[in-house]
Amino acid sequence: MSALRLLASASRRAPKAFTAGRRGYAEVADKISLSLVLPHQAIFTSTDVVQVNLAAATGDMGILANHVPSIEPLRPGVVEVIEAGNASKKWFVSGGFATVHPNNKLTINVVEAAPLEDFSAEAVRSNLQEALRVASGNGSEEDKLEARIEADVYEALQHALGSR
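Residues numbered from 1 in each chain as written. Predicted model: local features only at pLDDT ≥ 70, side-chain atom pairs only at ≥ 80, totals over all residues. Heavy atoms only, no water.

- Under the annotation held in an unreviewed UniProt entry, the protein chain carries the name ATP synthase subunit delta, mitochondrial and is attributed to Antrodiella citrinella.
- Its UniProt record gives the protein chain the following Sequence similarities (unreviewed entry) comment, quoted word for word: "Belongs to the ATPase epsilon chain family." (UniProt positions renumbered as here; feature names shortened; annotations may be inferred.)

Structure follows, in structure tokens:
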């Protein structure tokens, strides 16, 4: 008997008390307690919200109540907080970490964050062009690398402003 069939057969015979519970989707009434903090400021402190959308290093993800505990590095991008009544608030973050704790708690630690509406698309476009010019110029390797990082952040911000 193949290992897969043996496992399937054994799981059908297992007493129901020993089978793993199935995860389902979060109930609409479920909330997650959000703390969004910067080194100098707390934007949310244990505030109940419905959903948080993140720009994780592994891809965009949505966090609902009863999410599996995890730690996710964040790339430059948008953190969207959806509160009761589907009110949405968006911040652009430079990067950081999101920690999903058991018991419906989410902590997001970032170095910098600003409301998305505080950015000017024209200023971002201009700064991106300048960063790309420096990155491809004749400056030192250090200047070029800093400009490349700056350009990556401006590209992420430009994308976020385009999808507002």
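There is more to say after this.
### Things to note about helix 2 (residues 121-135)
- In this model helix 2 runs 21 Å from its N-terminal to its C-terminal C-alpha over 15 residues, within 8% of the 21 Å that 1.5 Å per residue would give.
- Those residues of helix 2 not exposed but buried are Val124, Leu128, Ala131 and Ala135. An end-on view of helix 2 places all buried positions within 65° of arc, on one side of the element. Seen from the buried face of helix 2, the exposed residues on the opposite side, beyond 90 degrees, are Gln129 and Arg133.
- Each element contacted by the buried residues of helix 2 is listed here: helix 3 (141-162). (Helix = DSSP H or I, 4+ residues; strand = E, 2+ residues; numbered from the N terminus. Expected span 1.5 Å × (residues − 1). Buried < 20%, exposed > 50% of the residue type's maximum accessible area, 1.4 Å probe, protein only. Arc of directions from axis to C-beta. Contact = heavy atoms within 4.5 Å.)

### A few points about the pairing of strand 1 (residues 32-38)
- The element strand 1 is largely enclosed, with a buried count of 6 among its 7 residues.
- Relative to strand 2 (residues 41-49), strand 1 runs antiparallel, the two sharing 6 bridges. Residue pairing in the sheet places leucine 36 in a bridge with phenylalanine 44 of strand 2.
- Turn length for the strand 1-strand 2 hairpin, with the two strands adjacent in sequence and antiparallel, is 2 residues. (Pairing = 2+ DSSP bridges.)

### What about helix 3?
- Taking 1.5 Å per residue as the helical rise, helix 3 with its 22 residues ought to reach 32 Å, and the 31 Å between its terminal C-alpha atoms agrees with that figure.
- Of the residues making up helix 3, those classed as buried are Ala147, Ala151, Tyr154, Ala156, Leu157, Ala160 and Leu161.
- On its buried side, helix 3 packs onto strand 6 (77-82), strand 7 (88-93) and helix 2.

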